[in-house]
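Residue strings, one per chain:
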Amino acid sequence: MKQHLIVLDLDGTLLTDQKDISTKTKHILNKAKLAGHQIMIATGRPYRASEIYYRELGLTTPIVNFNGAFVHHPNDDLWGLHHTPIGLDVVHEVVESMHDFDFHNIVAEVLDDVYVHHHDEKLMDIFSFGDPSITTGDLRSYLKTDPTSILIHAPFEKVHAIHEHLSAVHAEVIDHRRWGAPWHVIEIVRSGMNKAVGIDRVSKSLGISKEHIIAFGDEDNDLEMIDYAGVGVAMGNAIAPLKNIANEITLSNNEDGIAELLMDRLNLKV
């Protein structure tokens, strides 16, 4: 069978709701590797929060982090490091404008450095994964470097208004999307950055054509990736817009949806 590139989102896709990889899915992914297929991760997470799964699967491919704003090869420095941050001037404008809204917090990440606008223990628990450097204080004063991404945490009833403001005022310089429940968060990256951009770079370096890419996702940050892949697969738990554009819909992240589809598509046995 022709070599395929299997692309895996993490949360809600590869990972169960307990944030682990099921035994069956891991087994089938190993079978796919032994059959000569390539496997990679494409996630909104930073590398420090995805490395544990990269290592658990024994991957040897580049990885897409921050929804395409950071792409590198953990095992090969010569492959290249592709970092596309947001301009600091834009960030300051966004932070300034958020003070017209009722927001909880704003977090900026410069790769593995984290800047938190207001001290928040719950957010600290999330962003301390991988032991990053964390700075707390007004981003307009403390953030001195173009960030890889910005996260705006707001009350649910305010998210739509913030979303609309960003679309109206900053559409040409940033792309933004919402996290799934339970976190009402708007994630911002530089305009033009999405998982498909990173996957295109990786697939070309591996010599695998688009029609031989099988990509799995569940949320709106997977839309471009699912549309781009030769076989875009929506998980059973995916949002409706993703299911509407997917080539295939499989079982949920808690029902080994990845394993079930790959067994069928690539003729793999348990």
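Residues numbered from 1 in each chain as written. Predicted model: local features only at pLDDT ≥ 70, side-chain atom pairs only at ≥ 80, totals over all residues. Heavy atoms only, no water.

J.: Which parts of the structure should I look at to understand the packing of helix α4 (residues 88–98) against helix α7 (residues 156–169)?
T.: Geometry of a packed helix pair, given as the angle between the helix axes and the separation of the axes. Put simply, α4 and α7 touch, their axes get as near as 12 Å, and they point 140° apart. Two packed elements cross with a definite hand, and for α4 against α7 that hand is right-handed. On α7, the residues that touch Val94, Ser97 and Met98 of α4 are Ile162, His165 and Leu166. In terms of residue class, the contact of α4 with α7 is built from 4 nonpolar, 2 polar and no charged. (Axes fitted to C-alpha atoms, helices over the stretch in contact; angles between N-to-C directions. Helix = DSSP H or I, 4+ residues; strand = E, 2+ residues; numbered from the N terminus. Left-handed = near helix turned anticlockwise from the far one by under 90°. Contact = heavy atoms within 4.5 Å. Nonpolar A, V, L, I, M, F, W, Y, C, P; charged D, E, K, R; others polar.)

J.: For this particular structure, what's the right way to read helix α8 (residues 195–206)?
T.: Each turn of an α-helix holds 3.6 residues, which means side chains three or four residues apart point in the same direction. Helix length check: α8, at 12 residues, gives a terminal C-alpha distance of 17 Å against a target of 16 Å (1.5 Å per residue), a fit within 8%. Where α8 is concerned, the buried positions are Lys195, Ala196, Gly198, Ile199, Val202 and Ser203. Within α8, the buried residues cover an arc of 155° as seen down the axis, which keeps them to one side. In the core, the buried residues of α8 are packed alongside β1 (5–8), β2 (38–41), β3 (63–65), β4 (70–72), β12 (213–217) and α9 (223–228). Gly207 occupies a position one or two residues after α8 and carries a positive phi of about 75°. (Expected span 1.5 Å × (residues − 1). Buried < 20%, exposed > 50% of the residue type's maximum accessible area, 1.4 Å probe, protein only. Arc of directions from axis to C-beta.)

J.: Whenever I open this one, the nonpolar core confuses me. Can you help?
T.: Proteins that are soluble and globular tend to have nonpolar side chains buried together. Counting 34 residues, the largest nonpolar core has Leu8, Leu14, Phe216 and Leu262 as the members making the most contacts within it. Elements that contribute at least two residues to this core include exactly β1, α1 (10–14), α2 (23–34), β2, α3 (51–56), β12, β13 (231–234) and α11 (257–265). With 5 residues, α11 is the largest single contributor of residues to this core. The contacts of Leu14, once residues within four sequence positions are left out, are Leu8, Asp9, Asp20, Ile21, Thr25, Leu29, Leu57 and Ile258. Counting residues in each nonpolar core, the second largest holds 23 residues, with Val95, Met98, Val110 and Ala154 among its members. (Core = buried A, V, L, I, M, F, W, Y, C linked by side-chain atoms within 4.5 Å.)

J.: When you look at the sheet that holds strand β9 (residues 149–153) in this model, what are you seeing that I'm missing?
T.: Two pairing modes exist for strands in a sheet, parallel and antiparallel, and in both the strands are linked by backbone hydrogen bonds. If you trace the 6 strands from one edge of the open sheet to the other, you get β8-β7-β6-β9-β11-β10, paired in mixed fashion. In this open sheet, the two strands that pair with only one neighbour each are β8 (133–136) and β10 (174–178). Going from strand to strand, the sheet's axes swing by 20° on average, the running direction of each strand aside. Strand contacts of α4: β6 (105–110), β9, β10 and β11 (185–190), with the helix running at about 5° to β9, the strand carrying the most contacts. Each of β9, β10 and β11 touches α7; the most contacted strand, β10, lies at about 160° to it. (Pairing = 2+ DSSP bridges.)

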